[in-house]
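Tertiary structure, described
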Amino acid sequence: MIEEDIVVGKYSDFKSDYVNDFSFNEFDFVGYYDYIEIKNCKFDNCKFYNGKFQGLDISNSFFNLCNFSNVKLNDRSYDKIIFNNCNLVGIDFSGSYLDYVEFNNCNLNYCNFSGCNINNVKFNNCSCKDSFFNEIKYKKITFDECDLSGSEFYHFKLKDIDFSSCNISGLK
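Along each chain, the written sequence defines residue order, and numbers are assigned to residues from 1. Only residues with pLDDT of 70 or above have their local features reported here, since the model is predicted, and side-chain atom pairs are shown and tallied only from 80 upward, although totals for entire chains, interfaces and linings are computed over all residues. Hydrogens and waters are ignored; side-chain quantities use all the structure's heavy atoms.

When you go through the protein residue by residue, the secondary structure sums to zero helices and 14 strands. Order of helices (α) and strands (β) in the protein, N terminus to C terminus: β-β-β-β-β-β-β-β-β-β-β-β-β-β. To sort residues, take the accessible area from a 1.4 Å probe on protein chains only and compare it with the maximum for the residue type: under 20% means buried, over 50% means exposed, and anything in between is partly exposed. With 172 residues in all, the protein has 48% of them scored as buried. When contacts within the protein are restricted to residue pairs at least 6 apart in sequence, those whose partners lie at least 24 apart make up 1%. Accessible areas in this description were obtained via Shrake-Rupley with a 1.4 Å probe; residue shielding takes into account the shown protein chains only. For the protein, the accessible area works out to roughly 8500 Å², and carbon and sulfur atoms hold 45% of it. Runs of H or I in DSSP of at least four residues are treated as helices and runs of E of at least two as strands, each being numbered from the N terminus. Note on contacts: a residue pair is in contact if any heavy atoms of the two residues lie within 4.5 Å.

This next bit is on the packing of aromatic side chains. Note on aromatic pairs: the rings of Phe, Tyr and Trp (six-membered ring only in Trp) are paired at centre separations within 6.5 Å, and the planes decide the class, stacked below 30 degrees, edge-to-face beyond 60, tilted for the rest. Tallied over the full model, the rule gives 27 aromatic pairs. With centroids separated by 5.2 Å and ring planes inclined at 15 degrees, the aromatic side chains of Y138 and F156 adopt a geometry described as stacked. Of this pair, Y138 sits in strand 13 (residues 137-138) while F156 sits in the segment after strand 14 (141-144); the two residues are 18 residues apart in sequence, bridging distant segments of the chain. Look at Y138 and you get partly exposed, because its relative accessible area is 22%. Residues F153 and F156 carry aromatic rings whose centres are separated by 5.2 Å and whose planes lie at 90 degrees to one another, so their mutual orientation is edge-to-face. As far as the burial class goes, F153 and F156 line up, both buried.

So, about the nonpolar core. Within this scheme, the nonpolar core is defined by two criteria: the residues are buried Ala, Val, Leu, Ile, Met, Phe, Trp, Tyr or Cys, and they are joined through side-chain atoms within 4.5 Å. Residues F103, F113, F123 and F143 are the most contacted members of the largest nonpolar core, which totals 49 residues. Listed by contribution, the elements that provide at least two residues to this core are strand 3 (22-30), strand 4 (36-39), strand 7 (56-64), strand 8 (67-72), strand 9 (77-84), strand 10 (97-104), strand 12 (121-124) and strand 14. Beyond its immediate chain neighbours, meaning those up to four positions away, F113 contacts F93, S94, L98, F103, L108, F123, F132, F133, N134 and I136.

Turning our eyes to something else, we now look at the state of the cysteines. By definition, disulfides here are pairs of cysteine sulfur atoms that lie within 2.5 Å. A full pass over the atoms with the stated rule returns zero disulfides. With no disulfide of its own, C86 has C66 as its nearest cysteine by sulfur position, at a separation of 4.7 Å. Cysteine C111 remains unbridged, with the sulfur of C128 as its closest cysteine sulfur at 7.4 Å. By relative accessible area, C111 is classed as buried at 0%.

Time to look at the pattern of salt bridges. Salt bridge criterion: a side-chain nitrogen from Lys or Arg within 4 Å of a carboxyl oxygen from Asp or Glu. A full pass over the atoms with the stated rule returns four salt bridges. As a salt-bridge pair, K39 and E37 come within 3.2 Å of each other at their nearest N and O atoms. Classification of E37 as buried rests on a relative accessible area of 16%. Between K42 and D44 there is a salt bridge, with the nearest N and O atoms lying 3.6 Å from each other. Looking at K42, the relative accessible area reads 32%, which means it is partly exposed. For D44, a relative accessible area of 18% puts it in the buried group.

Attention now moves to the confidence of the model for the protein. Mean pLDDT over the protein works out to 85, with 85% of the residues at or above the 70 mark. Low pLDDT, under 50, characterises residues 1-14; the stretch is placed with 36 contacts to residues that sit more than four places away or in other chains. Within a predicted model, pLDDT stands for the predictor's per-residue confidence, ranging from 0 to 100.

With that settled, the discussion passes to the side chain of S151. Within the secondary structure, S151 sits in the segment after strand 14. Note on S151: relative accessible area 0%, which makes it buried. A polar side-chain atom of S151 sits 2.6 Å from the main-chain carbonyl oxygen of C128. Setting aside chain neighbours within four positions, we find S151 in contact with C128, K129, D130, S131, F133, G170, L171 and K172. Any N or O atom pair separated by 3.5 Å or less is treated as a polar contact, with the protein-specific requirement of one donor-capable and one acceptor-capable atom, and with residues adjacent in sequence counted only for side-chain atom pairs.

Quick look at unusual backbone geometry now. Here N40, not a glycine, exhibits a phi torsion of approximately 55 degrees, which is positive. Assignment of secondary structure puts N40 in the loop between strand 4 and strand 5 (42-44). We classify N40 as partly exposed; its relative accessible area is 29%.

See below:
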């Protein structure tokens, strides 16, 4: 149960390094964040831009209609996260741990997932054009109705992955 709602603002207005059971609506996260732990939160129509989330730890959270621009989310841990209808173009997830993460109807063009450890991650109806999936370690990964054209999968064992519903033209 969400205890409080934060409506319209910037992260600088909300000082905390631990956020639990909050709902953010039309909230802007701008700049560099040394450490923030987010659990059981909901983000609707929020913007994350021009920054690096150095110590970000997110679990059991939901992102809907959010826009991520010029943000580095690499070397982080993401556990039980759902991204719905989000714009994540060019985001660097490299070296991160993604555990039970879903991307639904998201724009993930030019993203970097290289070196990630992935467990039960689903990409549903996403655009992942020209993205990097190099040297990924995974237990289960699903691509359903995705556009993967021009994406790279170097040193990636494609065992038990069904691309039959995906556009894989120009796959490298």
